[in-house]
Amino acid sequence: MSSPAPAVSVSSPPLSDPAAHPRRWWLLAVLALAQLMVVLDGTIVNIALPKAQIALAMSDGDRTWVVTIYALAFGSLLLLGGRIADYWGRKRSFLVGMAGFALASMVGGLADTTTQLLIARGLQGAFAALLAPASLAILTITFPGGTDRIKAFAVYGAIGGGGAAVGLVLGGVLTEFTSWNWCLLVNVPIALIAILAAIPLMEESRAHGNTRYDLPGVILIVTGLASLVYGFSQAENGWGRVETIGFLALGVVLLVAFVIVEARATNPLLPLRVVTDRVRGGAFLVSLLTGASLLGGLFFLTLYFQIVLGYSPLRSGLASLPMTATIMVCATALSGILPKVGVRLPLTIGPVIAAAGLAWLSFVTVQDDYVLRVLPGVILLGIGLSAIFVPLQNVALAGIDAHDAGVASAAVSATQQIGGSIGTALFTALYTAAISSYLASNPATPTVQLDAFVSGYSVAFLWAAGLILLAAPISFFMIKHSKADLVGAPEIVHLG
């Protein structure tokens with residue numbers, strides 16, 4: 001493991017002194033609320049999509065883009081959002097991001113056309129890209145080390161893993177008893193509460209020294225990620241099409257160019273020291289694979305509940321609740337033993353258990369057999385995700401220089417969101433191909449269409465299992481964090 005970058009020297013006292021922020025646990029509650037809102041918005045609309053599709057006369061392709069465009073805007077703008085938080089001020093970025101997210105949610109909730117909804121979802125992702133890194137950077141600085149840091153990151157990580165499932169439950173309740181519009185409008189009161197609580201609790205902090213923006217890096221990373229995700233989205237129409245190959249190739253070229261530019265830039269958007277550390281780089285890879293598997297997998301689980309089993313939005317959301325409960329219980333237990341066992345063991349075992357859960361879900365059928373076909377899978381997935389998310393962000397941000405706290409926090413969130421965007425697009429292409437293959441090779445029967453859907457879901461779940469399973473060897477060989485690294489305070493100081 002390479003040595004962490006030296007800390008920026010400033011006159012303000014380190015927050016390892018509890019007196020420096022006596023209300024840090026109340027602040028954690030505000031940050032957790034912001035994290036929950038951002039994460040659940042990646043899935044809360046999933047439950048509402050069937051009704052929204054009917055209400056807005058939405059095509060199947062547009063239905064997928066309602067999910068993808070949020071993750072794409074979020075993930076591609078996160079690094080810029082992280083740097084804005086570092087330079088402009090993390091408290092200010094948090095408040096502006098929260099207010100903008102609420103406004104975009106209101107626009108989406110009042111939309112009466114597909115175009116309006118897609119624009120609103122893109123704006124939600126853009127403001128989330130400012131909000132999320134500011135929130136995580138504030139958490140990193142407020143809890144610089146010790147057992148309090150482990151507990152704080154356990155809460156934050158559990159919300160990161162369970163928030164997606166919470167979105168399914170909340171989306172079901174809102175869609176069942178109000179309308180699909182409230183899956184977006186609900187963010188307005190949540191944001192208002194968070195803003196009113198954050199103003200007195202948060203202290204402003206920002207990076208000092210060289211604070212120029214890396215505009216070439218911004219252009220390359222945004223266009224590169226957008227091209228890559230769009231290329232995957234076009235794959236559902238055929239992997240050999242010019243649009244698919246062209247955009248995938250363009251995305252790879254632009255991302256390679258981004259790395260070259262960052263290596264030579266005097267003030268890079270993403271300092272390569274943030275990602276070239278072996279342990280941190282391994283954590284980012286695990287985050288990417290987990291995001292792809294989780295968001296992509298949950299998207300198709302929701303469709304299975306409502307389209308094949310005919311569940312109501314509420315019942316569909318409740319069917320995902322055991323995963324959330326499992327994550328919360330396991331996260332609490334894991335935060336207590338993490339200082340004793342370290343992070344390598346849970347980060348290696350977690351992907352294996354999560355992969356087993358997704359593989360179990362691949363055996364779903366047209367028949368309603370939730371207890372046998374679904375419940376064991378979502379419980380295993382919850383256990384695996386808690387073992388991943390509780391230590392993951394702690395590891396990814398350990399030893400980060402205060403100057404880079406925002407952009408490093410953004411990189412963690414970016415890997416999850418871009419992974420989710422790519423995963424959803426990739427699995428949709430595989431799902432579509434599986435349906436076409438099934439229909440072509442099976443005679444027409446009263447249930448052939450539903451059987452074809454299930455065949456597509458099974459393929460998506462198996463690919464999701466394979467992707468998250470790759471995280472196990474990465475964790476084992478790259479993440480060799482010691483127990484002392486977990487509880488020892490990194491050299492991060494408050495920048496008042």
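Residues numbered from 1 in each chain as written. Predicted model: local features only at pLDDT ≥ 70, side-chain atom pairs only at ≥ 80, totals over all residues. Heavy atoms only, no water.

1. Some details on the overall build of the protein chain
The following threshold applies: Numbering goes from the N terminus for both helices and strands, where a helix is a DSSP run of H or I of at least four residues and a strand is a run of E of at least two. Only the C-alpha atoms count toward the radius of gyration. The rule for a globule is 2.2 Å times the residue count to the power 0.38. A simple rule labels every residue: compare its accessible area, found with a 1.4 Å probe on the protein chains alone, to the largest value its type can have, and call it buried under 20%, exposed over 50%, or partly exposed in between. Throughout, a residue-residue contact means that at least one pair of heavy atoms, one from each residue, lies within 4.5 Å. Only the protein chains shown count as cover for residues, and the accessible areas themselves come from Shrake-Rupley with a 1.4 Å probe. We count Lys and Arg on the positive side and Asp and Glu on the negative side, and we leave His and both chain ends out. Taken as the charge location is NZ of Lys, CZ of Arg, CG of Asp or CD of Glu.
Of the regular secondary structure elements, the protein chain holds 21 helices and zero strands. For 496 residues, the compact-globule estimate of 2.2 N^0.38 gives 23 Å, and the C-alpha radius of gyration of the protein chain, at 21 Å, lies within 12% of that figure. Across its three principal directions, the C-alpha atoms of the protein chain cover 75 × 45 × 45 Å. Here the protein chain holds 496 residues, and the buried ones make up 59% of them. Sequence separation of at least 24 residues holds for 86% of the intrachain contacts in the protein chain that already meet a minimum separation of 6. Surface exposure of the protein chain reaches about 17,700 Å², of which carbon and sulfur atoms provide 71%. Charged side chains in the protein chain number 24 positive and 22 negative. The centres of these two groups are separated by 7 Å.

2. Considerations on the environment of Phe74
With respect to the helices and strands, the residue Phe74 is situated in helix H3 (residues 60–88). By relative accessible area, Phe74 is classed as buried at 2%. Excluding anything up to four places from it in sequence, Phe74 contacts Val38, Gly125, Ala128, Ala129, Ala132 and Gln417.

3. Description of the pattern of salt bridges
Definition in use: One side-chain nitrogen of Lys or Arg within 4 Å of one carboxyl oxygen of Asp or Glu is enough to make a salt bridge.
Counted by the stated rule, this structure contains six salt bridges. The partner of Asp148 in a salt bridge is Arg24, with the nearest N and O atoms 3.1 Å apart. On the criterion of sequence distance, the pair formed by Asp148 in helix H6 (residues 146–177) and Arg24 in helix H1 (residues 24–40) is long-range, its members being 124 residues apart. Classification of Arg24 as buried rests on a relative accessible area of 15%. Close ionic contact of Arg90 with Asp86 constitutes a salt bridge, the shortest N to O distance being 2.7 Å. Salt bridges linked by common partners bring Arg83, Asp86 and Arg90 together as one network.

4. Quick look at the confidence of the model for the protein chain
Here is the rule we go by: Within a predicted model, pLDDT stands for the predictor's per-residue confidence, ranging from 0 to 100.
The pLDDT averaged across the protein chain works out to 84; a share of 91% of its residues lies at or above 70. Note that pLDDT drops below 50 for residues 1–20; the model gives that stretch 34 contacts with residues more than four away or on any other chain.

5. Some details on the side chain of Asp41
How we decide: Polar contact criterion, stated in full: a pair of N or O atoms within 3.5 Å, where within protein one must be able to donate a hydrogen and the other to accept it, and residues adjacent in sequence count only if both atoms are side-chain atoms.
Mapped onto the elements, Asp41 comes out in the loop between H1 and helix H2 (44–55). Here Gln124 takes part through its side chain, which lies 2.8 Å from a polar atom of the side chain of Asp41. Within the structure, Asp41 has its side chain in polar contact with the side chain of Asn187 (distance 2.7 Å). For Asp41, the contacting residues outside a window of four places in its chain are Tyr70, Phe101, Arg121, Gln124, Cys183, Leu184 and Asn187.

6. Considerations on the side chain of Thr290
Positionally, Thr290 belongs in helix H12 (residues 278–308). By relative accessible area, Thr290 is classed as buried at 0%. Here Val286 takes part through its backbone oxygen, which lies 2.7 Å from a polar atom of the side chain of Thr290. Discounting chain neighbours no more than four positions away, the residues touching Thr290 are Leu385, Ile388, Phe389 and Ile468.

7. Some thoughts on the environment of Leu248
In this structure, Leu248 sits in helix H10 (residues 242–264). Judged by relative accessible area, which is 17%, Leu248 ranks as buried. Discounting residues that sit within four places of it in the chain, Leu248 has contacts with Ser227, Leu228, Gly231, Phe232 and Trp239.

8. Some thoughts on the packing of H3 against helix H9 (residues 215–234)
So the rule is basically this: Comment: axis = line fitted to C-alpha atoms, over the contacting stretch for helices; angle = value between 0 and 180 degrees taken between N-to-C directions. An angle below 35 degrees is read as roughly parallel, one above 145 as roughly antiparallel, one from 65 to 115 as roughly perpendicular, and any other as oblique. Note on convention: near helix rotated counterclockwise from far helix by under a right angle means a left-handed crossing. Clockwise means right-handed. Each residue is assigned to one class: nonpolar for Ala, Val, Leu, Ile, Met, Phe, Trp, Tyr, Cys and Pro, charged for Asp, Glu, Lys and Arg, and polar for all the others, Gly among them.
Two numbers describe how H3 lies on H9: the axes approach to 9 Å, and their chain directions differ by 160°. Here H9 runs roughly antiparallel to H3, going by the angle between their axes. Crossing angle aside, the handedness with which H3 passes H9 is right-handed. For the pair H3 and H9, contact is made by Trp65, Thr68, Leu72, Gly75, Ser76, Leu77, Leu79 and Leu80 and by Val218, Ile221, Val222, Leu225, Ala226, Val229, Tyr230 and Ser233, respectively. For the contact of H3 with H9, the class distribution of residues is 12 nonpolar, four polar and no charged.

9. Some points on the packing of aromatic side chains
The line we're drawing: Each Phe, Tyr or Trp ring (for Trp, its six-membered ring) is paired with any other whose centre lies within 6.5 Å, and the angle between the two planes then decides the class: stacked below 30 degrees, edge-to-face above 60, tilted in between.
Across all of its chains, the model carries 15 aromatic pairs by this definition. Seen from their ring centres, Trp65 and Tyr230 are 6.1 Å apart, and the 35° between their planes marks the pair as tilted. Of the two residues, Trp65 is situated in helix H3 and Tyr230 in helix H9; the sequence distance between them amounts to 165 residues. The class for Tyr230 is partly exposed, based on a relative accessible area of 32%.

10. A word on H9
Heads up, the rule is: Each residue after the first adds 1.5 Å to the expected span of a helix.
With 20 residues, H9 should reach 28 Å at 1.5 Å per residue; the first-to-last C-alpha distance of 28 Å fits that figure. You can read the cap of H9 off the contacts: a side-chain oxygen lies 3.2 Å from the backbone nitrogen of Gly217, and it is on Asp214.

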